[in-house]
Each structure stands twice: as structure tokens, then as C-alpha cells.
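# Structural overview for review
Residue-level listing of the chains:
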Amino acid sequence: MSDVSSVIDDLGRESEELDLLVAGLGEDRWALDTPAAGWTVAHQIAHLAWTDRAALVAVTEPEAFAAEVEKALRSPETWVDEAAREGAALPPARLLAEWRAGRAALDHALRAAPAGARFPWYGPPMSTASMATGRLMETWAHGQDIADTLGVVRAPTDRLRHVVRIGVRARDFAFGARGLSAPGEEFRVELAAPGGGGLWTYGPEDAAQRVTGPALDFCLLVTQRAHRADLAVRAEGPDADRWLDIAQAFAGPPGAGRPPQGAGA
């Protein structure tokens, strides 16, 4: 349970950091467009509030979560945008209050979950730790959109290890989401931790194919917050190279990603 508690604690810290970023914004700044096409700052927070509520249903009422999946299947291309649009229409103070209340309820539910529990989700079933990791990943990624919009540079933290882990574990899902066969062998992944904290490594040392680079850049890649061309993540081997083109750490259909921003864009 110590590992589970650790990721839930980190989820709380990630959420609090983003809360501090938006809590003092005037209504006009909640309406600023973010790098996600068609989404304002309010849409970003509304999406987090909505997915926290969905996660709460999955944890506390798993049978009722089937209705959430049915909604997604009825309109797979629009259901996320529709939910964000509905939440973004609320006054910012109310939206912020609803996000905070949902976070607190989910935190309590995750901590109260029995050992070994697994919950339904839009992809494979999730353990308690995986559910908390997924929520942290989303909070960090949507927080990045907001930070970019506000011109805020966030210092990367060790909490990124959770985003890295889910990105690595989602490798085969990323291939399958595009109708591609996943590579048969593991890759070696070696990423430089923030602040000179050494390497975070995954996969066998003698793997024929590998991915290297800064952990922050890898997180931006797998959450599709930046184009590969603008990041210092490198691949050795054709399958690893293909993975970097399609990587995603989130459930659901493939995302459109972001256009390159560098000089060659």
C-alpha cells in the first residue's frame, strides 16, 4: 500500500500545483485559448473535473461505469469535447469548486479501495495505483497546456516518473490504437531524470532497440504536448523510431498531436 499511497500523494501535489496556477485568474483569462484546438483554460479544467468524476464512478460504482463507456462508444470522436464544453460554460468559481470537490472525493475513494482492486476504464481495467497514475498524467498534461497559455515555465519534478511509467507501459496500446502490430521484443528506455537525478531505466540493458533523452521531453511526447521534432528524445531501431511517431499515454483513439514549432516547422 505504500506505493499506492505514494502515487495518490503525488497526484494530490500535482493537482495542488495546477490549482495555484488557475485559482487567481480573472474570468477573461479562463477564456484564453490553449494549444489544444478549441479548448480554453476553462475547457482544460472542466475536462479534469469530468474525468475525475468518471474515475470516481469507476472506483465506487463499477457497474454504473458501463453507462459512461456507452456514451463514449456512441460518439467516440466528440464525447470528450462535449463534456469539456459543458463544464467550461460554468462560471469559473463554480467550475473550480467542482474540480476541487471531485479531486477530494476521488482521493478518499482511492485510499479506501481494497488491496488488489481493479476498476473498469475506457481502456484496460485499472488497479488503484494505475488509476491514480492515469489521473496524475492527465493533470500534468492539461496543466502543461494551461502553463503554456499563461507563459509559465514549470520546473519538472520527480512526479514525472509516473508519467514516464505509464508512457512506457502504453507502448503496445499505442500501436494497437492505430491498427498496428506491437513489436515482439521490449525496448530499452533510458531517460535523464529532472535536476540531474540520474537515469530512469526500463527494459533489458541488452535490448536491440532503445529510446533515450530527457524525461521531461519523453513526457511531452507521450502526452502529445509537443511534436517529436521539437524534443530531444532519440530512437535506435526501426520499431523504436516508429513508436516515437505514435506514442500516447492516454486511453482512447489516437490524438492529432501538436504541429512542430521549431525553425523547420
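See the structure printed just above.
In this report, we go over the structure that sits alongside the text. What you see is a predicted model; the values in this text were computed from it and never measured. The residue numbering used here restarts from 1 in each chain and proceeds along that chain's sequence as written. Given that the model is predicted, a residue must reach a pLDDT of at least 70 before its local features are reported, and side-chain atom pairs must reach 80 or more before they are shown or counted; all residues, however, enter totals for whole chains, interfaces and linings. To get the side-chain values, all heavy atoms of the structure are used, and hydrogens and water are removed first.

## Topic: the environment of Pro-238
Our working definition: Helical segments are the DSSP runs of H or I of at least four residues, strand segments are the runs of E of at least two, and each set is numbered from the N terminus.
Here Pro-238 is to be found in helix α11 (residues 238-246). Taking the C-alpha atoms as reference points, Pro-238 and Leu-221, 17 residues apart in sequence, are found 18 Å from one another.

## Examining the pattern of salt bridges
Any two side chains of opposite charge can pair if their charged atoms end up close together. Quick reminder of the rule: Basic side-chain nitrogens of Lys or Arg form a salt bridge, by our definition, when they fall within 4 Å of a carboxyl oxygen of Asp or Glu. We call a residue buried when its accessible area falls under 20% of the maximum for its residue type, exposed when it is over 50%, and partly exposed in between, using a 1.4 Å probe and counting protein chains only.
Using the criterion set out here, one finds 20 salt bridges in the structure. In this structure, Arg-225 engages Asp-145 in a salt bridge whose closest nitrogen and oxygen atoms are separated by 3.0 Å. Separated by 80 residues along the polypeptide, Arg-225 in the loop between α10 (215-222) and β6 (234-236) and Asp-145 in helix α7 (residues 128-150) bring together distant segments of the chain. By relative accessible area, Arg-225 is classed as buried at 15%. Each of Glu-14, Glu-17, Arg-154 and Arg-159 takes part in one network of salt bridges that share partners.

## Remarks on the environment of Phe-187
Keep this limit in mind: For this analysis, residues touch if any pair of their heavy atoms sits within 4.5 Å.
Its location among the elements puts Phe-187 in the loop between α9 (171-177) and β3 (188-192). Look at Phe-187 and you get buried, because its relative accessible area is 5%. Separated by 148 residues in the primary sequence, Phe-187 and Trp-39 have C-alpha atoms spaced 35 Å apart. Excluding residues within four positions of it along the chain, Phe-187 makes contact with Arg-171, Tyr-202, Gly-203, Pro-204, Ala-207, Gln-209, Asp-239, Ala-240 and Trp-243.

## Overview of helix α5 (residues 79-88)
Selection rule: Note: the arc covers the axis-to-C-beta directions of the helix.
Among all positions in α5, only Trp-79, Ala-83, Ala-84, Gly-87 and Ala-88 are buried. The buried residues of α5 occupy one face: seen down the axis, they fall within an arc of 170 degrees. In this fold, the buried residues of α5 make contact with α3 (41-60), α4 (65-74) and α6 (92-112).

## Some thoughts on the pairing of β3
For the record, the criterion: The criterion for strand pairing is that DSSP finds at least two bridges linking the strands in question.
Bridge count between β3 and strand β5 (residues 210-214): five bridges; the pairing is parallel. Note on β5: the bridge partner recorded for Val-189 is Val-211. With four bridges connecting them, β3 and strand β4 (residues 199-202) associate as antiparallel partners. Directly across from Ala-192, in β4, lies its bridge partner Leu-199. Turn length for the β3-β4 hairpin, with the two strands adjacent in sequence and antiparallel, is six residues, and the turn residue Gly-195 shows positive phi of about 65 degrees.

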